Amino acid sequence: VSDAFAFSTLLISYGHLRFINDWWPDPNVVFNSFPGIHSNLPLMFVSLMTFILIISSVTMVLAVYEGHDMNRRPVIFWLFLTVLGGLAFLGCQAYEWNHLFHIGMNIFNNPFGYLESDELRKTVLLTADQLASGDYVTGPVAFGALFFVITGFHGSHVASGVVINLVILINAVGGTYEKRGHYEM
């Protein structure tokens, strides 16, 4: 329950700050990179990360289902895939953070903005020369701060799940739950 309240508070804060600011960076521009592919692929990497989380949730459900029937080998198989999915997600998040740090985004800086004369206010990644020209408007610092706080909190949530599931996997491999006669924690 505490995770739900913490996530809710962070997301409500994001929504509030998003809508009180008259401009916010376009996620299609901010999140348009994909590892190993030098092309403009808006939100594709974010979609992959979401897919990984959904699939690892399914594998966890299957592990629990098999645990109710005391099917040790399928529990081990599905838990292994769940841990692998969590690690894959965390690896993707580390890549995403590294990429964003590299382009200048952090909790104190938002490198995205727009050309002041652009009526549509299209999001651009600002260079030092553009910033120095005075022709560009920088976006709210809250964008970078909220991104890293929310995704960092979520990443720690996933990391703790990986650790807990790894302990359960080790116990399943060692036969702990068969000795107990159930997979209840």
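None of these values were measured; they are calculated from a predicted model. (Residues numbered from 1 in each chain as written. Predicted model: local features only at pLDDT ≥ 70, side-chain atom pairs only at ≥ 80, totals over all residues. Heavy atoms only, no water.)

**Student:** Could you give me a rundown of the overall build of the protein chain, with the residues and numbers involved?
**Tutor:** On a plain count of helices and strands, the protein chain comes out with seven helices and three strands. Walking the protein chain from its N terminus toward its C terminus, one meets helices and strands in the order α-α-α-α-β-β-α-β-α-α. For a compact globule of 185 residues, the expected C-alpha radius of gyration is about 16 Å, and the protein chain comes in at 21 Å, more than 25% above that figure. A buried classification covers 29% of the 185 residues belonging to the protein chain. In the protein chain, 64% of the contacts between residues at least 6 apart in sequence involve partners at least 24 apart. Approximately 11000 Å² of the protein chain is accessible, and the part contributed by carbon and sulfur atoms is 66%. Across the protein chain, the mean location of the 7 positive side-chain charges is 15 Å away from that of the 13 negative side-chain charges. (Helix = DSSP H or I, 4+ residues; strand = E, 2+ residues; numbered from the N terminus. Rg over C-alpha atoms; globule rule 2.2 N^0.38 Å. Buried < 20%, exposed > 50% of the residue type's maximum accessible area, 1.4 Å probe, protein only. Contact = heavy atoms within 4.5 Å. Areas by Shrake-Rupley, 256 points an atom, 1.4 Å probe, with all protein chains shown as cover. Lys, Arg positive; Asp, Glu negative; His and termini not counted. Charge placed at Lys NZ, Arg CZ, Asp CG, Glu CD.)

**Student:** Describe helix α3 (residues 44–68), listing the residues and the values that go with them.
**Tutor:** Look at α3: 36 Å from first C-alpha to last across 25 residues, which is about the 36 Å you get at 1.5 Å a residue. Within the span of α3, buried status applies to F45, M49, I52, S56, T59, A63, E66 and G67. Of the surrounding elements, those touching the buried residues of α3 are α4 (72–102). Backbone geometry just downstream of α3 places M70 in the positive-phi region, at approximately 60 degrees. (Expected span 1.5 Å × (residues − 1).)

**Student:** I'd like a rundown of the nonpolar core, residues and numbers included.
**Tutor:** Grouped together as the largest cluster of nonpolar side chains are twelve residues: L10, W24, V30, F31, L100, M105, F112, F143, L146, F147, F148 and I150. Looking at this core element by element, the count peaks at five residues for helix α6 (residues 141–173). What V30 contacts, discounting residues up to four positions off in sequence, is P25, L100, F112 and F143. (Core = buried A, V, L, I, M, F, W, Y, C linked by side-chain atoms within 4.5 Å.)

**Student:** Break down the pattern of salt bridges for me, with residues and values.
**Tutor:** The full count for this structure, using the stated rule, is two salt bridges. Between D22 and R121 there is a salt bridge, and its shortest N-O distance comes to 3.6 Å. You can see D22 sitting in the loop between α1 (2–20) and α2 (27–30) and its partner R121 sitting in the loop between β1 (112–115) and β2 (124–125), a full 99 residues away along the chain. By relative accessible area, D22 is classed as exposed at 66%. Across the pair E178 and R72 runs a salt bridge whose closest N-O atoms are separated by 3.8 Å. (Salt bridge = Lys/Arg side-chain N within 4 Å of Asp/Glu carboxyl O.)

**Student:** Tell me about the side chain of T82, and name the residues and values.
**Tutor:** Looking at the secondary structure, you find T82 in helix α4. You can call T82 buried: its relative accessible area is 7%. Within polar-contact distance, the side chain of T82 engages the backbone nitrogen of M60 at 3.2 Å. Leaving out residues up to four positions away in the same chain, T82 has contacts with S56, T59, M60 and N165. (Polar contact = N/O pair within 3.5 Å; in protein donor to acceptor, adjacent residues only side chain to side chain.)

**Student:** Could you give an account of the sheet that holds β2, with specific residues and numbers?
**Tutor:** Sheet architecture is open: three strands sit in the order β2-β1-β3, paired in antiparallel fashion. Each end of this open sheet is capped by a strand with a single partner; those strands are β2 and β3 (136–138). (Pairing = 2+ DSSP bridges.)

**Student:** Explain the environment of I168 to me, using residue names and the numbers behind them.
**Tutor:** Mapped onto the fold, I168 is located in helix α6. Between the C-alpha atom of I168 and that of E66, which follows or precedes it by 102 residues, the distance is 14 Å.

**Student:** Go over the pairing of β1, please, and point to the residues and values.
**Tutor:** Of the strand pairs in this sheet, β1 and β2 are connected by two bridges, and their pairing is antiparallel. Residue pairing across strands places F112 opposite L125, the latter belonging to β2. Two strands pair when backbone bridges link them, and β1 and β3 are joined in this way by three bridges, in the antiparallel orientation. When the sheet's bridge partners are listed, L115 is paired in β3 with Y136.

Keep in mind that these numbers describe shape and distance, not what the molecule does.
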